[in-house]
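Given next are the chains, with one letter for each unit.
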Amino acid sequence: MFHLFDLRRDLPAFKSAPNRWDWVLLPMVLALLVFAGFGAMQMSRPFVVGQALQVSLDPAYLPYYLLRTILRMFTALAFSLLFSFVFAAVAAKYRAAEKAMIPLLDVLQSVPILGFQAIAIAPFIALFPGNLLGVECAAIFAIFTSQAWNMAFSLFQSIKTVPPELNEAARIFRLSGWQRFWRLELPFAMPGLLWNMMMSMSGGWFFLVAAEAISVAGQNIKLPGIGSYIAVAIEARDITAIAWAIAAMLAGILLYDQLFFRPLLAWADKFRFEESQGDTAQQSWVLNWMRRSHWLHALSEKFWAQMRRALGWFPVSHNGTSIQSRPKTPNPLWLRAWDALIVVAAVSALYRLLVFVHSEVGWTEVAHVAGLGMITLTRVMVLIALASLVWVPIAVWIGLRPRYSQRVQALAQFLAAFPVNLMFPMVVFVLVALQLSPNVWLSPLMVFGTQWYILFNVVAGAASIPSELRLAADNLGLKGWLKWKRVYLPAIFPSYITGAITASGGSWNASIVAEYVTWGKTTLIADGLGSYIKQMTDAGDFHRIALGIGVMCVFVMLLNRFFWRKLYLLAADRSL
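Here we summarise the structure given alongside this text. For clarity, every value in this text was computed on a predicted model and none was experimentally measured.

1. Remarks on the overall build of the protein
Alright, step 1. Scanning the protein from terminus to terminus reveals 25 helices and four strands.
Alright, step 2. Buried residues in the protein amount to 48% of all 576 residues.
Alright, step 3. Across the protein, contacts joining residues at least 24 apart in sequence account for 81% of those joining residues at least 6 apart.

So, in C-alpha cells, the structure goes:
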C-alpha cells in the first residue's frame with residue numbers, strides 16, 4: 001500500500017557537505033524568504049478607516065503589487081487546504097455529518113464573493129483596529145471563498161472513491177482513521193487535489209478585483225495589488241495600464257507555476273493508482289535540482305521522520321481480535337435524533353427567512369428578485385450547453401494525445417485566471433458602437449473564466465480511457481458517431497459532469513461581474529440576479545444584499561439537487 005510518508009523517488013545518498021545544487025538553490029530560497037518577509041511587513045502597517053491607500057498606474061510599482069497579491073493568494077490557499085482536509089475527512093467518514101455538510105457546501109458555493117466580503121469586512125477591521133491587517137484579512141478571506149469549496153469537494157469525492165481493495169488492505173493493517181487519512185486517502189487524492197488547487201488559484205485571480213478593490217457601504221478601499229491596479233486602470237480608462245497588468249499577471253502565474261505547482265505535480269506522480277507512462281509523467285527542473293541537493297535532502301529526511309512519528313498519535317485500540325478492531329456501528333437512535341435536529345434547523349431557518357421577507361423587504365421585492373434569478377438561470381444553462389458543444393470534442397481530441405495535454409493545461413490555467421474585468425474596454429466599445437443589447441451580449445462574460453473546468457475535466461477523462469478499450473473499438477471497426485456514442489461519451493461522461501457542475505457554480509458567481517460592466521463613466525447593466533447584488537452592494541443595502549444572496553443560494557441548491565445530482569448519479573452508474 002502506498003502512503004504519504006514513505007514514498008521517495010531517486011533520492012541521492014545523504015552527504016553533509018553542500019554540493020553545487022545547494023549553492024544554486026540557496027540564493028533562490030533566501031530571495032523568496034526576503035520577499036515574503038518584506039510583503040508581510042507591508043501588510044501590517046498602521047491604517048485608519050477612511051484613509052486613502054494610493055495605487056499608482058506607474059508600471060514600476062507592478063512587481064511590488066504582484067508580490068502583495070501572490071502573498072494574499074497563497075495565504076488563502078493554505079487556509080483552503082486546511083479547511084479541505086478537515087471538511088472532506090469528516091464528511092466522508094461520518095454519514096450523519098455528510099447529510100448536513102454537503103448541502104452546506106452547496107450553499108457556500110452559491111454565495112457570491114461580494115456577499116462574503118460585505119459580511120466579513122467590518123468584523124476583520126474591528127479585530128485589528130488601527131492596522132491594515134484587518135483589511136488584508138478581509139481580502140484574504142474573500143480569495144479563500146473563491147478557492148476552498150472546489151478543493152473540499154474534490155478531496156471529498158476522492159476519499160469516497162478509494163478502490164475497495166485499498167480500503168480492505170487498510171482494515172487488514174488495522175489503521176486508525178488518522179492513519180488511514182495520511183497513509184491512504186490523501187495520497188490517493190493527491191494528483192486530483194493538486195490540479196484543483198491550480199484551478200482554485202486561477203479562480204482567485206478571476207475575482208481578484210472584487211477582493212482587493214473593496215467597495216461596501218460607501219467605503220472604497222484599494223489594497224496595493226494587481227486587482228486594485230486593474231480597478232484603477234478601468235476607472236481611468238487606461239488601456240496601456242491594462243496591458244501592463246496582463247503582462248504582470250502572466251509573469252506571476254508562470255513564476256509560481258514553475259516554482260510551486262510543477263514541482264508538486266511531478267512529485268505527486270508517485271501517488272497515482274495506475275503507473276504513469278513516460279510520455280504523460282510530469283517533469284520539473286526545480287524538483288530535479290532539489291533532489292540533487294544535499295542540504296534539502298537532509299531537511300526532508302528530518303521532516304518526514306517527524307511526520308512518521310505523528311502517525312502514532314491516534315492508534316486503533318483493540319485486543320488482537322478482528323471483531324474488536326472493527327469500527328463500532330453507531331446507535332440508530334442517535335442517527336434519528338441527528339436527522340430530527342437537521343429538520344428542526346431547516347424549519348427554523350425557513351421561519352426566520354419568512355419573517356425577514358415579511359418585515360424587511362416585502363413579497364413584491366422577492367417576486368422581482370426571483371424573476372431576475374430565472375433570467376440568470378437561463379443564461380447559465382444556455383452558456384454551459386454552448387461551452388460543452390465547443391470544448392468536449394476538443395478536450396477528447398487532446399486527451400487522446402498525451403503529448404499535447406501539458407501544453408494545453410498550462411494555457412488553460414492562464415485563461416482561467418484571466419480576470420473578466422480586463423475585457424471591459426473591448427466589450428463596452430463594441431456594445432456601445434454597435435448598439436447591442438447588454439442582456440444578450442454581456443452573457444458570454446459569465447462563462448469566460450469557468451468554461452475551462454469543462455476542458456480540464458474532459459481532457460483528464462479522455463486521457464484515462466484504457467488503451468485496451470480503444471484497441472477493442474478499433475478492432476470492431478467503430479468509427480464516427482458510433483464510436484463517440486459507444487466509447488468516448490460514456491467514458492468521459494463522469495468527468496464532464498464534474499466539470500459542468502463546477503462551471504455552473506462559477507458562472508453564478510461570475511454573474512456579479514458579468515452583468516454589471518463599468519468602463520470609466522460608462523456602465524452597462526444586464527437584467528439579472530448578479531447585477532442586482534452588485535448594485536445593492538454598492539448602495540450598502542444589506543437587507544437586499546441578503547435577499548439577493550439568499551435567492552441565489554436557493555436557485556443553486558435546487559439546480560444541484562434536481563439536475564446536477566441526478567446526472568452525477570447517472571454518471572457514477574455508467575462509469576467505466
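And the narrative resumes.
2. Here's the deal with unusual backbone geometry
Alright, step 1. Unusually for a residue other than glycine, Arg237 sits at a positive phi of about 55 degrees.
Alright, step 2. In this structure, Arg237 sits in the loop between α10 (226–236) and α11 (239–268).
Alright, step 3. Here Gln435, not a glycine, exhibits a phi torsion of approximately 55 degrees, which is positive.
Alright, step 4. Following the sequence through the fold, Gln435 ends up in the loop between α18 (424–434) and α19 (438–441).
Alright, step 5. Looking at Gln435, the relative accessible area reads 73%, which means it is exposed.

3. Examining the packing of aromatic side chains
Alright, step 1. Per the stated rule, a full pass over the model turns up 21 aromatic pairs.
Alright, step 2. When the centroid spacing of 5.4 Å and the interplanar angle of 80 degrees are considered together, the rings of Phe83 and Trp149 count as edge-to-face. Placement of Phe83 in helix α2 (residues 62–93) and of Trp149 in helix α6 (residues 148–160) is noted, with a sequence separation of 66 residues between them.
Alright, step 3. Its relative accessible area of 24% is what places Phe83 among the partly exposed residues.

4. Things to note about empty space enclosed by the protein
Alright, step 1. This structure, assessed with the given rule, holds two cavities of 30 Å³ or more.
Alright, step 2. In this structure, the largest cavity spans a volume of roughly 400 Å³.
Alright, step 3. Around the largest cavity, the lining comprises 27 residues; the ones closest to its centre are Asn150, Thr502, Gly505, Gly506 and Asn509.
Alright, step 4. When contributions to the lining of the largest cavity are tallied by element, the ones reaching two or more residues are α3 (95–110), α4 (113–127), α6, α8 (177–206), α23 (480–514) and α25 (542–574).
Alright, step 5. Here the element with the most residues in the lining of the largest cavity is α23; it accounts for six residues.
Alright, step 6. In this structure, the second largest cavity encloses a volume near 40 Å³.

Reading the values: rules and limits
Residues numbered from 1 in each chain as written. Predicted model: local features only at pLDDT ≥ 70, side-chain atom pairs only at ≥ 80, totals over all residues. Heavy atoms only, no water. Helix = DSSP H or I, 4+ residues; strand = E, 2+ residues; numbered from the N terminus. Buried < 20%, exposed > 50% of the residue type's maximum accessible area, 1.4 Å probe, protein only. Contact = heavy atoms within 4.5 Å. Phe/Tyr/Trp six-rings, centres within 6.5 Å; stacked < 30°, edge-to-face > 60°. 1 Å grid on protein atoms, 1.4 Å probe; cavity = no way out; pocket = protein on both sides within 12 Å on 5 of 7 lines; lining within 4 Å. Points joined across faces, edges and corners; volume = space filled by probe spheres on them.

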